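Below, each chain spelled out in residue letters.
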Amino acid sequence: MAGASSSDYIRHHLTNLTLGKIDGEWTIAHSAAEAAEMGFWRFHIDTLGWSIGLGMIFCLMFWAAARKAKVAGASRFQLAIEIVIDFIHNEVKQIFHKKNALIAPLCLTIFVWVFLMNLMDLIPVDWFPHLFYLAGVPYMKIVPSTDPNITLGLGFSVFLLIIGFSIKEKGVGGFMGELTMMPFSAKSPIGKLCLLPVNFLLEVVGLITKPISLGFRLFGNMYAGEMIFILIALLPMWAQWTLSVPWAIFHILVILLQAYIFMVLSLVYLSMAAEDH
Amino acid sequence: MDINATIIGQAISFAIFVWFTMKFVWPVIRAAIEEREQTIAAGLQNAEQAKVSLDQAQTEAQKLLNEAKQQAAELVEQANRRANQVVEQARSDAQAAAEKEKQKAAEEIQRQTLSAKEQLRKDVAELAVLGAEQILRARIDKNAHAQLLDQLSAQL
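In short, a report on the structure. Computed from a predicted structure; not experimentally measured.

Some remarks on the overall build of chain A
- Counting its regular elements, chain A contains 9 helices and 3 strands.
- For chain A, the N- to C-terminal ordering of α and β elements is α-β-β-α-β-α-α-α-α-α-α-α.
- The contacts of chain A with a sequence gap of at least 6 include a subset with a gap of at least 24, amounting to 70%.
- In the form shown here, chain A has an accessible surface area of approximately 13800 Å², with 72% of it arising from carbon and sulfur atoms.
- Taking the 17 positively charged and 18 negatively charged side chains of chain A as two groups, their mean positions are separated by 12 Å.

Considerations on helix 1 (residues 6-14) of chain A
Residues and elements named next belong to chain A.
- Buried within helix 1 are the following residues: Tyr9, Ile10, His12 and His13. Each buried residue of helix 1 lies within a common arc of 160° when the element is viewed along its axis, so the set occupies one face.
- Close packing links the buried residues of helix 1 with helix 6 (127-134) and helix 8 (189-234).

Quick look at the interface of chain B and chain A
- Chain B puts 29 residues into the contact, and the matching count from chain A is 49 residues.
- The junction of chain B with chain A conceals about 3500 Å² of combined surface from both sides, 75% of it contributed by carbon and sulfur atoms.
- Of all residues in chain B, Phe14, Phe17 and Trp26 of chain B give up the largest surface area on contact with chain A, accounting jointly for 21% of the area buried on that side.
- Taken together, the connections running from chain B to chain A amount to 2 salt bridges.
- A salt bridge links glutamate 82 of chain A to arginine 36 of chain B; the nearest nitrogen and oxygen atoms lie 2.6 Å apart.

Looking at empty space enclosed by the protein
- Enumeration according to the criterion identifies 2 cavities of 30 Å³ or more in this entry.
- Looking at the largest cavity, its volume works out to about 80 Å³.
- Taken together, His13, Met120, Asp121, Ile123, Val125, Pro129, Met140, Lys141, Ile142, Val143 and Glu226 of chain A form the lining of the largest cavity.
- Residues of the lining of the largest cavity, tallied by class, amount to 7 nonpolar, 1 polar and 3 charged.
- Computed from the structure, the second largest cavity encloses a volume of approximately 40 Å³.
- Lining the second largest cavity, in full, are Ala125, Ala128, Val129, Leu149, Leu152, Ser153 and Leu156 of chain B.
- Those elements that provide at least two residues to the lining of the second largest cavity are helix 1 (6-139) and helix 2 (146-155) of chain B.
- In terms of residue class, the lining of the second largest cavity is made up of 6 nonpolar, 1 polar and no charged.

With respect to the pattern of salt bridges
- Inspection of the entire model under this criterion finds 11 salt bridges over all chains.
- Aspartate 86 of chain A is the partner of arginine 30 of chain B in a salt bridge, and the nearest nitrogen-oxygen pair spans 3.1 Å. Here arginine 30 of chain B, found in helix 1, pairs with aspartate 86 of chain A, found in helix 4 (residues 76-95), and the two come from separate chains.
- Each of Asp86 of chain A together with Arg30 and Glu34 of chain B takes part in salt bridges that share partners, so that together they form one network.

Concerning a nonpolar patch on the surface
- There is a patch of nonpolar side chains on the surface, built from Phe40, Trp41, Met56, Leu60 and Trp63 of chain A together with Ile3, Ile8, Ile12, Ile16, Trp19 and Phe24 of chain B and spanning about 1100 Å² of accessible area.
- Here the nonpolar patch gets 5 residues from one element, more than from any other, and that element is helix 1 of chain B.

Regarding the packing of aromatic side chains
- One pass over the full model with this rule turns up 17 aromatic pairs over all chains.
- Centre to centre, the rings of phenylalanine 87 of chain A and phenylalanine 111 of chain A are 5.4 Å apart; their planes meet at 55°, and the pair counts as tilted. Placement of phenylalanine 87 of chain A in helix 4 and of phenylalanine 111 of chain A in helix 5 (residues 103-119) is noted, with a sequence separation of 24 residues between them.
- Relative accessible area serves as the criterion here: at 30%, phenylalanine 87 of chain A is assigned to the partly exposed category.
- By relative accessible area, phenylalanine 111 of chain A is classed as buried at 10%.
- Measuring from centroid to centroid gives 6.0 Å for tryptophan 113 of chain A and phenylalanine 14 of chain B, while their planes differ by 20°, and the two rings are stacked. Remark: phenylalanine 14 of chain B occurs in helix 1 and tryptophan 113 of chain A occurs in helix 5; the pair is interchain, linking two chains.
- Of the residues examined, tryptophan 113 of chain A reaches a relative accessible area of 0% and is grouped as buried.
- In this structure an aromatic cluster arises from ring pairing among Trp63 of chain A together with Trp19, Phe20 and Phe24 of chain B.

A few points about the layout of surface pockets
- The volume enclosed by the second largest pocket comes to roughly 350 Å³.
- The wall of the second largest pocket is formed by 16 residues, among which His89, Lys99, Asn100 and Ala104 of chain A together with Trp26 of chain B lie closest to the centre.
- Every element with two or more residues in the lining of the second largest pocket is listed here: helix 4 and helix 5 of chain A together with helix 1 of chain B.
- If you tally residues by element for the lining of the second largest pocket, the top one is helix 1 of chain B, at 5 residues.
- Class assignment for the residues of the lining of the second largest pocket results in 9 nonpolar, 2 polar and 5 charged.

Here we look at helix 9 (residues 237-274) of chain A
- Taking 1.5 Å of rise per residue, the 38 residues of helix 9 of chain A would be expected to cover 56 Å, and the 54 Å separating its terminal C-alpha atoms lies within 8% of that figure.
- The largest bend along helix 9 of chain A reaches roughly 25° and is located at phenylalanine 250 of chain A.

A closer look at the side chain of serine 13 of chain B
- Positionally, serine 13 of chain B belongs in helix 1.
- Note on serine 13 of chain B: relative accessible area 5%, which makes it buried.
- At a separation of 2.9 Å, a polar atom in the side chain of serine 13 of chain B contacts the main-chain carbonyl oxygen of glycine 9 of chain B.
- Dropping the residues within four chain positions of it, serine 13 of chain B is found in contact with Ile52 and Trp113 of chain A.

Conventions used here
Residues numbered from 1 in each chain as written. Chains lettered and ligands numbered in written order. Predicted model: local features only at pLDDT ≥ 70, side-chain atom pairs only at ≥ 80, totals over all residues. Heavy atoms only, no water. Helix = DSSP H or I, 4+ residues; strand = E, 2+ residues; numbered from the N terminus. Contact = heavy atoms within 4.5 Å. Areas by Shrake-Rupley, 256 points an atom, 1.4 Å probe, with all protein chains shown as cover. Lys, Arg positive; Asp, Glu negative; His and termini not counted. Charge placed at Lys NZ, Arg CZ, Asp CG, Glu CD. Buried < 20%, exposed > 50% of the residue type's maximum accessible area, 1.4 Å probe, protein only. Arc of directions from axis to C-beta. Buried area = accessible area lost by both parts, 1.4 Å probe. Salt bridge = Lys/Arg side-chain N within 4 Å of Asp/Glu carboxyl O. 1 Å grid on protein atoms, 1.4 Å probe; cavity = no way out; pocket = protein on both sides within 12 Å on 5 of 7 lines; lining within 4 Å. Points joined across faces, edges and corners; volume = space filled by probe spheres on them. Nonpolar A, V, L, I, M, F, W, Y, C, P; charged D, E, K, R; others polar. Patch = residues over 30% accessible without salt bridge, like charges linked within 9 Å, V, L, I, M, F, W, Y side chains within 5 Å. Phe/Tyr/Trp six-rings, centres within 6.5 Å; stacked < 30°, edge-to-face > 60°. Expected span 1.5 Å × (residues − 1). Bend = angle between axes of the 7 residues up to and from the residue. Polar contact = N/O pair within 3.5 Å; in protein donor to acceptor, adjacent residues only side chain to side chain.

This is the structure in structure tokens:
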């Protein structure tokens, strides 16, 4: 960007377009210092915008298929959508054994949405930042899943559902019991009381780890992939395509796999929450 | 690492998309898939049934065909027998009629022969008598030889 050094280039590619309040006015941050000044109540409107846009594409695509869904003489588009639906349906049937109207649509949303967000990684890294830069927008990150806010947002939504499922299936008492009476158990009430803090600590750590590992696994993988694309883009012309093409082909596998892993792990956590131990 | 309100925006949009999928996408497409699966299952079952009933119908048809063939064979047999009988009957009737006609003809011939003979005999007798009369008229008394002439006519 305008004769910048390599580190400037990389920093530019890794900075979000941030909207927040400076001195009581909503504005866009033009530097990291400005962004930091905004405090917690600032939004990455690039990743959030792409994320919401991709989510809407997902919803509209599947909604279009649903609206025109025919039992006989289905279009190819409908059949393609049905393949995805069937895939999710089978996964859910295998892992989640209770009846629940939420779990399958949830898994479908996670899988397709995360996949679409990861897919943005395959768009050449310079295109959108440069285009927006020319249009006067200082930063533009287009891969939502390289933003930990996005992946942790999903992870903590799943976390809330884990707690919700646990309480719904086992009641508040049951859930609390699970947090405090396991994994160490004693027969006498005093023994139980003594083990309570240990159990609670272990279980809460175990519980908190789930959303964090979900969010950071996806973020880490995508961030690393994005970083390699950026580094390749710094190389001379002849080296760029010889490296970025194989990496992109490999990345097709990664983006699909990461979407699948996020979906299956959410499913496993939720089925663990919904089932008695 | 910079965690901020984006995480809340993402969580809210996630909730909305999941709600949308749950409400407008998943049930509709699953319903279509399930209905199609049922249709296909029913179709396969119908095909299976149709195959069974086709087999049954074929067996039935073969049985009926065999029966019909057998009946036809019996009928032909009967007809042949009957025809033979009729021919036999006709022949024997014809023979009997012919025999009767022949007999009648023979009797008629016999009768006519007899009557012709009688006539002839009478004629000859008369002729003889006439001849004898002629001779006798010339040579002998008719009465004296009447007895002799009667004897002669009885011998004829």
